[in-house]
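# A closer look at the structure
Each chain is listed here by its residues.
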Amino acid sequence: MKIWQTEFDLKTVNDRARNTMSDFLGIEFIEMGENYLVARMPVNEKTKQPIGIMHGGASCVLAESVGSTAGNYCVQLDKFYCVGLDINTNHIKAMRSGYVIGTARPFHLGKSTQVWSIEIKNEEGKLVSVNRLTMAVLPRN
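Just so it is clear, the structure is predicted and the values come from calculations on it, not from any experiment.

So, on to the overall build of the chain. Secondary structure assignment for the chain yields 3 helices and 6 strands. The C-alpha atoms of the chain give 15 Å as radius of gyration, which agrees with the globular expectation for 141 residues (14 Å, within 12%). Based on the C-alpha atoms only, the size of the chain along its principal axes is roughly 45 × 25 × 25 Å. Expressed as a percentage of the 141 residues in the chain, the buried residues total 45%. Accessible area of the chain: about 7600 Å², with a carbon and sulfur share of 50%. Averaging the coordinates of the 16 positive side-chain charges in the chain and doing the same for the 14 negative ones gives two points 3 Å apart.

In this section: helix 3 (residues 56-72). It helps to recall that an α-helix has 3.6 residues per turn; residues three or four apart then point in one direction. Over its 17 residues, helix 3 extends 24 Å from the first C-alpha to the last, a length consistent with the 24 Å expected when each residue adds 1.5 Å. For helix 3, the tally of buried residues reaches 14 of 17 residues, placing the bulk of the element in the interior.

Our next topic: unusual backbone geometry. If you check the backbone angles, Asn-19 has positive phi at about 60° while not being a glycine. Structurally, the position occupied by Asn-19 is in the loop between helix 1 (10-16) and helix 2 (21-25).

Here we come to the environment of Lys-11. Mapping Lys-11 onto the fold places it in helix 1. Separated by 18 residues in sequence, Lys-11 and Phe-29 have C-alpha atoms that sit 8.4 Å apart.

One pass over the structure, following the stated rule, counts 5 salt bridges. Measuring nitrogen to oxygen at the nearest pair gives 2.6 Å for the salt bridge that ties Asp-15 to Lys-11. Note that Asp-15 and Lys-11 are positioned in helix 1 at a spacing of 4 residues, about one turn of the helix. The class of Asp-15 is partly exposed, set by a relative accessible area of 35%. Here Glu-119 makes a salt bridge to Lys-121, at a shortest N to O gap of 3.7 Å. One network of salt bridges, with partners in common, ties together Lys-11, Asp-15 and Arg-18.

Bringing the nonpolar core into the picture now. Grouped together as the largest cluster of nonpolar side chains are 34 residues, with contacts concentrated most on Trp-4, Met-41, Met-54, Val-100, Trp-116 and Ile-118. Mapped by element, the contributors of at least two residues to this core are strand 2 (37-42), helix 3, strand 4 (99-109), strand 5 (113-122) and strand 6 (127-139). Here this core takes 6 residues from helix 3, the largest share from any one element. Ignoring sequence-local partners within four residues, the contact set of Ile-118 consists of Ala-63, Val-66, Gly-67, Gly-102, Thr-103, Ala-104, Ser-129, Val-130, Asn-131 and Leu-133.

This brings us to the sheet that holds strand 6. In space, the 6 strands of this open sheet follow the order 1-2-4-5-6-3, with antiparallel pairing throughout. Of all strands in the sheet, those bounded by a partner on one side alone are strand 1 (28-32) and strand 3 (80-91). Across the sheet, the mean angle from the axis of one strand to that of its neighbour is 25°, orientation sign disregarded. Of the pairings in the sheet, the one linking strand 4 to strand 5 comprises 9 bridges and is antiparallel in character. Bridging across to strand 5, Ile-101 finds its partner in Lys-121. Packed on one face of the sheet, helix 3 meets strand 1, strand 2, strand 3, strand 4, strand 5 and strand 6 and runs near 145° to strand 3.

What counts and what doesn't
- Residues numbered from 1 in each chain as written.
- Predicted model: local features only at pLDDT ≥ 70, side-chain atom pairs only at ≥ 80, totals over all residues.
- Heavy atoms only, no water.
- Helix = DSSP H or I, 4+ residues; strand = E, 2+ residues; numbered from the N terminus.
- Rg over C-alpha atoms; globule rule 2.2 N^0.38 Å.
- Buried < 20%, exposed > 50% of the residue type's maximum accessible area, 1.4 Å probe, protein only.
- Areas by Shrake-Rupley, 256 points an atom, 1.4 Å probe, with all protein chains shown as cover.
- Lys, Arg positive; Asp, Glu negative; His and termini not counted.
- Charge placed at Lys NZ, Arg CZ, Asp CG, Glu CD.
- Expected span 1.5 Å × (residues − 1).
- Salt bridge = Lys/Arg side-chain N within 4 Å of Asp/Glu carboxyl O.
- Core = buried A, V, L, I, M, F, W, Y, C linked by side-chain atoms within 4.5 Å.
- Contact = heavy atoms within 4.5 Å.
- Pairing = 2+ DSSP bridges.
- Axes fitted to C-alpha atoms, helices over the stretch in contact; angles between N-to-C directions.

In structure tokens form, the structure reads like this:
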């Protein structure tokens, strides 16, 4: 089932993220399907905590970035926009290097709220964190 209400491609999504936190952390949107969006983020000096593992907040940034981007393309962007209300992250595996890959899929796409599942995995496909993102759908004035 196709969920997108506004047409887009990966170049458009990556261009829209320029000069934002996503851009600063090196988040890149790499794949889309009929009902999902995927982004990756490097585990490096910008995303690690002092003990050398990926900062939990960086996981949240990746999850919210891919989930909220997906959410905004599930509405008519000329009439609505989506913002985060709540994010919940459970950390499963520590990361010291490489890339983490976040895949956003909707649980619920309503008129006033959306709820997204974002699984973050390492390059070998092992689960790093599970995330739930709740979005508010707001009218443009």
